[in-house]
Amino acid sequence: MWTKTFRTSSLFALLTAFLVLIGCAKTRAVQPVAEEPPAPPPATAVALPAPQQPVDPTKLPAPALEHVQATVNRIFQDSVTIDSSHNPSYFVGDFNGDQSQDLAVILKPVSAKLSFLNQEFPTWIAREPLKQVLLPKSKAVANPSIARGNEDPASGQTIRFAANDALLAIVHGYGGKGWRDPEATQTHVLRDVVGDDIRMLPFASVAKAYKGIKPFPSIYGDLIQETLIGQAGFLHFAGGMYEWYDPKNYKPVLGPVHSGMSAMR
Amino acid sequence: MRILKIFVLLIFAAALVLPFTYTSSVEGQAATEAPTTEMDARQSDATLYNGFITRDNGGLGNAVNECTNPALAGRSFRDNKAIFEEREGVADGLGPTYNDVACSACHQAPVTGHVSQINEFRAADGNGNPPPGGQTLIQDRAIDPDAQERINTGLSTHEFRSTRTVLGDGFVEAIGNATLQNNVAAQPSGQRGQLRTVTVLESTAADRTRIGRFGHTSQHASLESFAADAYSNEMGITSPLQPNENNILGQSSAPFDTVADPEDDGDDVAAFTDFMRALRAPGRGPINADVIAGQNLFNAINCDVCHTPQFTTVPAGTVINAGAFTVPNSLANKIIHPFSDFALHNIGTSDGIGGEPGVNDRFSTTTIALWGVRTKHRFMMQGNAHTIFDSIQLHAGQASTARNNFNFGLNNTQKNQVIAFVLSL
């Protein structure tokens, strides 16, 4: 008798408990749960890494040929030589404005190594800035980028390098060591832009040097000033690429008018 | 008898535990892949729809014909799509300054919601500071010649920003704050991004903040805030969340503005929001052996640190957007593959426009989500790279290590595989 009662009541209790708990469980599952609010950013977890130490040019040694050669070899192996017929054949500056010192060096291809320069996946970005500029007819004739006409670049390349090319390589710096850092490999190779009186113009001097000249392009860093096809101007970093500017022929892309120099860092 | 009693007690104990196991299986439901679209404009727009039920309790709905069956209240996905595609005019509040006349003017190809060739134009002074009036966006169009913006005030810094996709953004909105924060915290220090905490405009909570994820600088955390912002800045149409008309380089636009603010009572912004929430994620292209090998290499050379391959959205019923939105089943517990961490990084490709509040570095921009990138032919934020290879070479700063790994750690076959993988996204 006791056993039967126990059995019946146990089963009843079991069933009741099961149903009640299932019911409660379902109710709980649809309760809205608020998303965790943003955690305050712990400095060690989500902040940006410390900004690169600004380069103090007086604390970096002057560029020595052996260091320049080592950097050139790191990127181009033995496919180019430094063109020492130019003076200077290399100089430094912060051309892309990232506060890390960059290297500009004039190069000549090595004839026997053209296949390396024309490889499918070079470790540099090759461009011809003069092709982007609308020059007057008289100048355009003398523009080697235009005179060269169409060529057949290697797969993956925009340029087919030839043995007599004049190249300007700009190696972007990385961190406080700048272009000397082994990580510094981002390189722009510019063809047909090695002119006369080539030199670095510090960013801080741009406003004075070009006072009152307009239109004027966006400037982010030091400039590479020179005379190309008889016209003084400069190469400047613009949105990830280098462009040529000369005051006589410059046409801004969108027609924005810049009324004065405020290109301060 | 004793054995029977013990048996009954065990059953009873099991019955007590079982429901809790069942309960937790609801919240911790196994995540499933989010529905994707092939982005094929020849297919029905049903292939864009992810199942999200609109705030008007609408589903996919019927095809919209502006003459015989226009978009109506009680809006469905298709009604909202028609509103997203609708061309606005001056009587609707367009302008005085604006970039285009419809959301779909920029978010159109190959399917409504994705991308286009359109870039917006921003300008600032040499230090990246905004022009008079505080707005770095220079609208390309105006409803009156005298309202046209021209940067003639010493704005020497210019930047283009390419259109980003809104496909899959409903799922992106449903990624939890903690998920994004944990992802960034796990990044190597040299590549670590910055997440922004921004205000959710439609929230009425005391704390209206959330982790930003939409826009080139992650300036919005919710699609409703993003939609209201875009309606105001890209089309010049004000709404309750963005009630003030844009100025014209610091000058009032009131002389050109004939429609009282807010020009949209909030209905259009709601339609845009629900449309975006209901969009599937971009689907993958063909996957072959090279693509699979390329994905492994992409991860091995650390591209995946910032281009995060996978997130899982929050469980159903989670209240996000600082209390303003409850995530439904259609967006919950979904695995997505945006290939972005939605954090800001300085990779040397920005022109440094606009030091926005809470951003450590004005040259930082939000990692572009790579999903759907195979539909594009201009890459990077400014659209100035024409190949994937060039895009990789433009990566500098925090992305230098990944670029160097690509350049010096892979042979040509492997480089081609990485490119094949990216172009499968």
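Residues numbered from 1 in each chain as written. Chains lettered and ligands numbered in written order. Predicted model: local features only at pLDDT ≥ 70, side-chain atom pairs only at ≥ 80, totals over all residues. Heavy atoms only, no water.

Engineer: Where do I start with the sheet that holds strand β1 (residues 33-34) of chain A in this structure?
Structural biologist: Where strands meet in a sheet, backbone hydrogen bonds hold them as pairs that are either parallel or antiparallel. If you walk across this open sheet you meet the 3 strands as β1(A)-β11(B)-β12(B), and the pairing is mixed. Whereas interior strands pair on both sides, the edge strands pair on one side only; in this sheet they are β1 of chain A together with β12 (325-326) of chain B. Taken together, the 2 bridges between strand β11 (residues 318-320) of chain B and β12(B) define a ladder with antiparallel strand orientation. If you follow B:Val319 over to β12(B), its bridge partner there is B:Thr326. (Pairing = 2+ DSSP bridges. Helix = DSSP H or I, 4+ residues; strand = E, 2+ residues; numbered from the N terminus.)

Engineer: Sorry, what's going on with empty space enclosed by the protein here?
Structural biologist: A complete count under the given rule lists 5 cavities of 30 Å³ or more for this structure. The volume enclosed by the largest cavity comes to roughly 80 Å³. In terms of lining, the largest cavity is formed by 14 residues, of which the most central are A:His172, A:Gly173, B:Ala396, B:Gly397 and B:Ser400. In terms of residue class, the lining of the largest cavity is built from 3 nonpolar, 8 polar and 3 charged. (1 Å grid on protein atoms, 1.4 Å probe; cavity = no way out; pocket = protein on both sides within 12 Å on 5 of 7 lines; lining within 4 Å. Points joined across faces, edges and corners; volume = space filled by probe spheres on them. Nonpolar A, V, L, I, M, F, W, Y, C, P; charged D, E, K, R; others polar.)

Engineer: What is the right way to look at the nonpolar core in this model?
Structural biologist: Nonpolar side chains in soluble globular proteins tend to end up buried together. Residue and element names in this part refer to chain B. Core analysis: the biggest nonpolar cluster contains 50 residues, and Phe272, Met276, Val327 and Ile336 have the highest contact counts within it. With 6 residues, the single largest contributor to this core is helix α6 (residues 223-235). Counting residues in each nonpolar core, the second largest holds 27 residues, with Cys303, Val373, Ala385 and Leu410 among its members. (Core = buried A, V, L, I, M, F, W, Y, C linked by side-chain atoms within 4.5 Å. Buried < 20%, exposed > 50% of the residue type's maximum accessible area, 1.4 Å probe, protein only.)

Engineer: Quick question: what am I supposed to make of the sheet that holds strand β10 (residues 231-238) of chain A here?
Structural biologist: Residue and element names in this part refer to chain A. Strand order in the open sheet made by the 4 strands is β8-β9-β10-β11, with antiparallel pairing throughout. Each of the sheet's edge strands pairs with one partner strand only, and the pair in question is β8 (196-201) and β11 (241-245). Pairs of neighbouring strands in the sheet enclose a mean axial angle of 25°, with direction left out of account. Taken together, the 5 bridges between β10 and β11 define a ladder with antiparallel strand orientation. Paired with Phe237 across the bridge in β11 is Tyr242. (Axes fitted to C-alpha atoms, helices over the stretch in contact; angles between N-to-C directions.)

Engineer: I would appreciate a short explanation of the packing of aromatic side chains in the present structure.
Structural biologist: The description of two aromatic rings rests on the distance between their centres and on the angle between their planes. One pass over the full model with this rule turns up 25 aromatic pairs over all chains. Aromatic pair A:Phe91 and A:Phe95: ring centres 6.2 Å apart, planes at 85°, arrangement edge-to-face. Both residues of the pair, A:Phe91 and A:Phe95, belong to the buried class. Geometrically, the ring pair formed by B:Phe339 and B:Phe421 is edge-to-face, given 5.7 Å between the ring centres and 70° between the ring planes. Highlighted residues: B:Phe339 in the loop between β13 (334-336) and β14 (344-345) and B:Phe421 in helix α11 (residues 412-422), separated in sequence by 82 residues. (Phe/Tyr/Trp six-rings, centres within 6.5 Å; stacked < 30°, edge-to-face > 60°.)

Engineer: Would you explain the pattern of salt bridges in this entry?
Structural biologist: Opposite charge on two side chains allows them to pair when their charged atoms are near. The full count for this structure, using the stated rule, is 15 salt bridges over all chains. Between A:Asp78 and A:Lys113 there is a salt bridge whose closest N-O contact spans 3.4 Å. Residue A:Asp78 is found in the loop between α2 (65-76) and β2 (80-82), and its partner A:Lys113 is found in the loop between β4 (102-109) and α3 (114-117); the two are separated by 35 residues along the sequence. Since its relative accessible area comes to 31%, A:Lys113 is described here as partly exposed. Each of B:Asp45, B:Arg78, B:Lys81 and B:Glu85 takes part in salt bridges that share partners, so that together they form one network. (Salt bridge = Lys/Arg side-chain N within 4 Å of Asp/Glu carboxyl O.)

Interpretation in functional terms is not warranted from these geometric data alone.
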